[in-house]
Amino acid sequence: MTTVEQLEELQRRALQNPALRKELLATRQEPDAYAAFCEKCQELGYEIYPMDLIVAGEEFYASYRRSTNGGGENSPKLEGEDDFYEMFFAALEA
């Protein structure tokens, strides 16, 4: 299962379980929020590490740029759509 798939599954679980949602949101208050979030993911059985979150966004963005306009400089700029960590929490907070 890819990092994105794991995040999607965890997000579904959190949206159905208010206690889990609260625990995940609480990780954002930690001094090292990325590490705290990843530690919680690992406790829940998801092998997600800080670099996984960064690489997933970069891979998505690179793939997106290659698919538009031949990947040239005219490709649209993304604003946050490549940050799966932030998108994960945006969905939980909505």
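It should be emphasised that the depicted structure is a prediction, and the values quoted were computed from it without experimental measurement. (Residues numbered from 1 in each chain as written. Predicted model: local features only at pLDDT ≥ 70, side-chain atom pairs only at ≥ 80, totals over all residues. Heavy atoms only, no water.)

A. Representation of the packing of helix H3 (residues 33-43) against helix H5 (residues 84-93) in the model. Following both chains from N to C, one finds H3 and H5 inclined at 70 degrees, their axes separated by 12 Å at the closest point. As far as their axial angle goes, H5 and H3 are roughly perpendicular. Crossing angle aside, the handedness with which H3 passes H5 is left-handed. Contact residues: Ala-33, Tyr-34 and Phe-37 in H3; Tyr-85, Phe-88 and Phe-89 in H5. Broken down by class, the residue content of the contact of H3 with H5 amounts to 6 nonpolar, no polar and no charged. (Axes fitted to C-alpha atoms, helices over the stretch in contact; angles between N-to-C directions. Helix = DSSP H or I, 4+ residues; strand = E, 2+ residues; numbered from the N terminus. Parallel < 35°, antiparallel > 145°, perpendicular 65-115°, else oblique. Left-handed = near helix turned anticlockwise from the far one by under 90°. Contact = heavy atoms within 4.5 Å. Nonpolar A, V, L, I, M, F, W, Y, C, P; charged D, E, K, R; others polar.)

B. Looking closely at the packing of aromatic side chains. Summed over the entire model, instances satisfying the criterion amount to 6 aromatic pairs. Seen from their ring centres, Phe-37 and Phe-89 are 5.2 Å apart, and the 65 degrees between their planes marks the pair as edge-to-face. Residue Phe-37 is found in helix H3, and its partner Phe-89 is found in helix H5; the two are separated by 52 residues along the sequence. For Phe-37, a relative accessible area of 0% puts it in the buried group. For the ring pair Phe-88 and Phe-89, a centre distance of 5.2 Å and an interplane angle of 85 degrees mean the geometry is edge-to-face. Residue classification places Phe-88 among the buried positions, given a relative accessible area of 3%. (Phe/Tyr/Trp six-rings, centres within 6.5 Å; stacked < 30°, edge-to-face > 60°. Buried < 20%, exposed > 50% of the residue type's maximum accessible area, 1.4 Å probe, protein only.)

C. Region of the structure containing the nonpolar core. The biggest cluster of nonpolar side chains holds 19 residues, and the ones touching the most others in it are Leu-10, Leu-24, Phe-37, Phe-88 and Phe-89. Elements supplying a minimum of two residues to this core: helix H1 (3-16), helix H2 (18-26), H3, helix H4 (50-67) and H5. Leu-10 has contacts with Leu-20, Leu-24, Phe-37, Cys-41, Leu-44, Tyr-46 and Phe-88, leaving out every residue within four places of it along the chain. (Core = buried A, V, L, I, M, F, W, Y, C linked by side-chain atoms within 4.5 Å.)

D. Structural detail: the side chain of Thr-3. Tracing the chain through its elements places Thr-3 in helix H1. Assessed through its relative accessible area of 15%, Thr-3 is described here as buried. Apart from residues no more than four positions distant in its own chain, Thr-3 is found in contact with Ile-48, Asp-52, Leu-53 and Ala-56.

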